[in-house]
Amino acid sequence: VSSVAVSSHFKDSHNQDENHPLPKMEEYLSPYDISKRKGENVVLDASRSGKIVACSLRAGGIALSPYDFTFRNLFMVPGIFACPKGKPIDFIDGRDLARAALL
């Protein structure tokens, strides 16, 4: 499981896969995004070389349940979650992400 941060929180990303061109390293603004990008590069390079089998699931936000401690009020109060440059980030239920990882 990777993160939408790989494509930079400050750029739009829709329906990307591992073959989608990513920003140049010098274009990243956030150290978090850079660390996620470097980590994914290591995993996908190992996959390309045949050392492991992997793909990249770039989740935007992971909610463990509607009662998740971090997100417990997110779905009740509009506008409670700050988004980079005011753009929304998609969330996925952790159970759905786990099922996708098993595919």
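The structure displayed is predicted, hence computed values, not measured ones. (Residues numbered from 1 in each chain as written. Predicted model: local features only at pLDDT ≥ 70, side-chain atom pairs only at ≥ 80, totals over all residues. Heavy atoms only, no water.)

Novice: Explain the overall build of the protein here, please?
Specialist: For the protein, the count of helices and strands is two helices and two strands. Listing every helix and strand of the protein by position from the N terminus yields α-β-β-α. Counting every position in the protein, which comprises 103 residues, the buried fraction comes to 25%. Looking at the protein as shown, the accessible area adds up to about 7400 Å², and 58% of this sits on carbon and sulfur atoms. (Helix = DSSP H or I, 4+ residues; strand = E, 2+ residues; numbered from the N terminus. Buried < 20%, exposed > 50% of the residue type's maximum accessible area, 1.4 Å probe, protein only. Areas by Shrake-Rupley, 256 points an atom, 1.4 Å probe, with all protein chains shown as cover.)

Novice: Can you help me understand helix α1 (residues 31–48) in this one?
Specialist: One full turn of an α-helix is made of 3.6 residues, so residues set three or four places apart face in the same direction. Helix length check: α1 (18 residues) gives 26 Å between terminal C-alpha atoms against 26 Å at 1.5 Å per residue, within 8%. Buried within α1 are the following residues: D33, R37, E40, L44 and A46. One or two residues past the end of α1 sits G50, with phi positive at roughly 85 degrees. (Expected span 1.5 Å × (residues − 1).)

Novice: Honestly, the pattern of salt bridges in this entry has me stumped. Any pointers?
Specialist: When the charged atoms of two side chains with opposite charge come close together, those side chains can pair. Following the criterion strictly, the structure yields five salt bridges and no others. A salt bridge links K11 to E27, with the shortest nitrogen-to-oxygen separation between them at 4.0 Å. Within this pair, whereas K11 is found in the segment before α1, its partner E27 is found in the segment before α1, the two being separated by 16 residues in sequence. With a closest N to O distance of 3.0 Å, R48 and D45 form a salt bridge. Of the two residues, R48 and D45 are both situated in helix α1; the distance of three residues between them amounts to about one turn of the helix. Residue classification places R48 among the exposed residues on the basis of a relative accessible area of 59%. (Salt bridge = Lys/Arg side-chain N within 4 Å of Asp/Glu carboxyl O.)

Novice: What am I meant to see in unusual backbone geometry here?
Specialist: Of all residues except glycine, most have a negative phi; of all peptide bonds, most are trans. For S8, which is not glycine, the phi torsion reads 85 degrees and is therefore positive. Mapped onto the secondary structure, S8 falls in the segment before α1. For S8, a relative accessible area of 3% puts it in the buried group.

Novice: Is there a simple way to explain a nonpolar patch on the surface in this structure?
Specialist: Taken together, the side chains of V1, I62 and L64 make up a nonpolar region of the molecular surface, amounting to roughly 290 Å² of accessible area. Considering the arrangement of structural elements, one finds V1 in the segment before α1. (Patch = residues over 30% accessible without salt bridge, like charges linked within 9 Å, V, L, I, M, F, W, Y side chains within 5 Å.)

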